[in-house]
Amino acid sequence: TQPGVIVVGGGFAGASCARALKRLDRDLAVTLIEPEAAYLACPFSNAVIAGLRGIEAQAFRYDKFGRYDQFGDIALIRKRAVAVDAERRRVRLEDGTDIGYTRLVLAPGVDLRFDALPGYDEASAATMPHAWKAGAQTLLLRDQLAAMPDGGIVILAAPANPFRCPPGPYERASLIAHYLKASKPRSKLIILDAKDAFSKQRLFEAAWQELYPGLIEWVPLSSGGRVTEVDPATRTLVTEFGNHKADVANVIPPQRAGAIAQSAGVADQTGWCPIDPVTFESRLQPAIHVIGDAAIGGAMPKSAFSANAQAKACAAAVAALVRERPLAQPKLINTCYSLVAPGYGISIAGVYQPRDGLLAEVEGAGGTSPLEAPLSVRELEAAYAQDWFRTITSEVFG
Ligand code: FAD
């Protein structure tokens, strides 16, 4: 029979991987399993929260999948995968049917852990939105900010590492501050952080001082920033150093690999999926590969850029393994742009390669935007961010 690869999850990782597989080998049978009719992208969703962009700019339909295009025919199944039988190599769908695979690629993204922070469960998210998956939660946080009176207190609770999009909470804080400065200037934003350091920290802090003096207060772990409990009824966030009452509370809880990864037995006790850095094959189950946010295999951050890079490296490895061809050593790139204000962008980049069984950063190959730079450099980086989003979404979904 014809070898078949099943990809579960049509996000930046899974959709990229399905297409890359077809581009590498048109004769490979590739099936993409994704229940949603449209994908809602998280990059730039912080701009939606700040009222700078409509949510429709985040939506990408799967119209190009499931029919013959320049990449060949990818079979699209619009259902949720609910279980994996790793031994028999079968995926079970929500309607009870199951399908077999030669190799399986899991790309389910993250689940928010509603069991990790006392008081914060799915119901609490209706009062204290996480907005860490784009869609209704993004709009809820936007609307709460819009309804807040001037002089209100916004609290953003940021999780410990690792989590989806390391600079994301701080980009969000920046854009919320931009909104408050323009529309509710007597208000304040407090970041309660479970860490003592964060991505692009010096760049963010310098920009906050310049653009939003006195508006943002960052409380690190060592000053009692870690939120240990929440009460949605009173919008109170509890830390070891005392209670904080918010008018708007954005609680970003700890995360783990999407549920299907737990069911397939590819997630370890950390909740994430250890992988081989050359093939992205699970360390725990043969013939199952894990890419994107769900995977953990070293220094690569959880970003859409990384997910896309991992998807292509994984596709090359899967195509080689299926056809019994030699494997190539991948080199992967990540760049994360953040907007501190409209027209003010900063970035961090890194290059990664397999070393000692992990994806290790290539020393000296990456870096951040310069700390001292004229506004024209920040403007250029904001434009690059837009270009990056257009390019990646058209490559993955267009
Ligand atoms: P996802 O994008 O979450 O995709 C997972 C897909 O799998 C979904 O479509 C889901 O429906 C599907 N799925 C899940 N379970 C199943 C199942 N059982 N069966 C079938 N399908 C399933 N990254 C950047 O590079 N740049 C940025 O500027 C940036 N900004 C961000 C800002 C915010 C506020 C946030 C929250 C994230 C940001 N990110 C950014 C990170 C980026 O969104 C993620 O890293 C990226 O989406 C990961 O892709 P993924 O494919 O692994 O997961």
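Residues numbered from 1 in each chain as written. Predicted model: local features only at pLDDT ≥ 70, side-chain atom pairs only at ≥ 80, totals over all residues. Heavy atoms only, no water.

Peer 1: Which residues make up the overall build of the protein chain, and what values do they have?
Peer 2: Across its full length, the protein chain holds eight helices and 25 strands. The C-alpha atoms of the protein chain give 21 Å as radius of gyration, which agrees with the globular expectation for 398 residues (21 Å, within 12%). Considered along the principal axes of its C-alpha atoms, the protein chain spans approximately 70 × 45 × 40 Å. A total of 398 residues make up the protein chain; the buried ones form 55% of that total. Across the protein chain, the fraction of contacts at a sequence separation of at least 24, relative to all contacts at a separation of at least 6, is 65%. Accessible area for the protein chain stands at about 16400 Å²; split by element, carbon and sulfur atoms hold 51% of it. Taking the average place of the 41 positive charges on the side chains of the protein chain and the average place of its 42 negative ones, the gap between the two points comes to 4 Å. (Helix = DSSP H or I, 4+ residues; strand = E, 2+ residues; numbered from the N terminus. Rg over C-alpha atoms; globule rule 2.2 N^0.38 Å. Buried < 20%, exposed > 50% of the residue type's maximum accessible area, 1.4 Å probe, protein only. Contact = heavy atoms within 4.5 Å. Areas by Shrake-Rupley, 256 points an atom, 1.4 Å probe, with all protein chains shown as cover. Lys, Arg positive; Asp, Glu negative; His and termini not counted. Charge placed at Lys NZ, Arg CZ, Asp CG, Glu CD.)

Peer 1: Account for the side chain of threonine 335, with residues named and values stated.
Peer 2: As for its position among the elements, threonine 335 is in strand S22 (residues 332-341). Under the relative-accessibility criterion, threonine 335 is labelled buried at 15%. Non-local contacts of threonine 335, meaning those with residues more than four positions away in its chain, are made with Phe305, Ser347, Ile348 and Ala349.

Peer 1: Describe in detail the pattern of salt bridges, supporting the description with residues and values.
Peer 2: Scanning all chains against the criterion turns up 17 salt bridges. Where arginine 256 meets aspartate 115, a salt bridge forms, and the shortest distance between an N and an O atom there is 3.5 Å. Linking arginine 256 in strand S18 (residues 255-257) with aspartate 115 in the loop between strand S10 (110-112) and helix H3 (136-147), this pair joins segments that are 141 residues apart in sequence. One salt bridge connects arginine 226 with glutamate 240, and the closest N-O pair in it is separated by 2.8 Å. One end of the pair, arginine 226, is in the loop between strand S13 (216-219) and strand S14 (227-231); the other, glutamate 240, is in the loop between strand S15 (236-239) and strand S16 (242-245), and 14 residues separate them in sequence. (Salt bridge = Lys/Arg side-chain N within 4 Å of Asp/Glu carboxyl O.)

Peer 1: Mind laying out the environment of alanine 309, listing which residues take part and the relevant values?
Peer 2: Mapped onto the fold, alanine 309 is located in helix H7 (residues 304-322). Residue alanine 309 is classed as buried on the basis of its relative accessible area, which comes to 16%. Along the sequence, alanine 309 and isoleucine 333 sit 24 residues apart, while their C-alpha atoms lie 6.7 Å from each other.

Peer 1: Give me H7: which residues, what numbers.
Peer 2: For H7, with 19 residues, the first-to-last C-alpha span of 26 Å sits near the 27 Å given by 1.5 Å per residue. The N-cap of H7, judged by a side-chain oxygen 3.4 Å from the amide nitrogen of phenylalanine 305 a few residues on, is serine 303. Positive phi appears at glutamate 324, one or two residues downstream of H7, with a value of about 55°. (Expected span 1.5 Å × (residues − 1). Polar contact = N/O pair within 3.5 Å; in protein donor to acceptor, adjacent residues only side chain to side chain.)

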